[in-house]
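# Overview (structure and organization)
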Amino acid sequence: MTKTIMLACAGGMSTSLLVTKMRKAAKKRNIDVYIFATASAAIPEEAQKHNPAIILLGPQISFQYDNIVNEVNIPVDVIDMKDYGMMNGEKVLSFALSKIN
């Protein structure tokens, strides 16, 4: 069964690049996942629509963590700042998978 991973940042733009890199890493590792990015304001409705296994927040919106956890009944975590800055799709994918498996 395909696992869904949702990434969120202020506008959904910087995480879109990371999504591309994570998808490449998943394809290379033959892992069946659906990964997408959204803006932080759209998290509740996107979570309801896509039912992700985990929501990963960009470090720049980590201050919204508690509010988001209270809005959704889904595991939420913050992407490591270094991995985010380096756009390390491999590491962020591994992190997400470790949290949902």
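Heads up: these notes are all about the structure in this document. These numbers were taken from a predicted model, which means no experiment stands behind them.

Below, the discussion takes up helix 5 (residues 89-100). Taking 1.5 Å of rise per residue, 12 residues should cover 16 Å, and helix 5 covers 17 Å from first to last C-alpha, within 8% of that figure. Among the residues making up helix 5, those that are buried are G89, V92, L93, A96, L97 and I100. One face of helix 5 carries all of its buried residues, which in axial projection span an arc of 135°. Residues of helix 5 that are buried sit in contact with strand 1 (3-9), helix 1 (14-28), strand 2 (33-39), strand 3 (54-57) and helix 4 (81-85).

Time to look at the side chain of T15. Within the element layout of this structure, T15 appears in helix 1. For T15, the contacting residues outside a window of four places in its chain are L7, A8, C9, A37, T38 and Y84.

Attention shifts here to the pairing of strand 2. In this structure, strand 1 lies alongside strand 2, joined through 7 bridges in parallel fashion. Bridge pairing links K3 to V33 in strand 2. Following the backbone out of strand 1, through helix 1 and into the adjacent parallel strand 2, one traces a crossover that is right-handed.

A few words now on the pattern of salt bridges. This model, assessed by the stated rule, comprises 4 salt bridges. We note a salt bridge from E90 to K28, for which the minimum N-O separation is 3.9 Å. Within this pair, whereas E90 is found in helix 5, its partner K28 is found in helix 1, the two being separated by 62 residues in sequence. According to the relative accessible area criterion, E90 is partly exposed, its value standing at 30%. Judged by relative accessible area, K28 falls into the exposed class, the value being 68%. We note a salt bridge from K49 to E46, for which the minimum N-O separation is 3.4 Å. With a gap of 3 residues between them, K49 and E46 both fall in helix 2 (residues 43-50), about one helical turn apart. Salt bridges linked by common partners bring K28, R29 and E90 together as one network.

What counts, and at which threshold
- Residues numbered from 1 in each chain as written.
- Predicted model: local features only at pLDDT ≥ 70, side-chain atom pairs only at ≥ 80, totals over all residues.
- Heavy atoms only, no water.
- Helix = DSSP H or I, 4+ residues; strand = E, 2+ residues; numbered from the N terminus.
- Expected span 1.5 Å × (residues − 1).
- Buried < 20%, exposed > 50% of the residue type's maximum accessible area, 1.4 Å probe, protein only.
- Arc of directions from axis to C-beta.
- Contact = heavy atoms within 4.5 Å.
- Pairing = 2+ DSSP bridges.
- Right-handed = clockwise from strand over helix to strand, strands pointing away.
- Salt bridge = Lys/Arg side-chain N within 4 Å of Asp/Glu carboxyl O.

Purely spatial values, then, with no claim about function.
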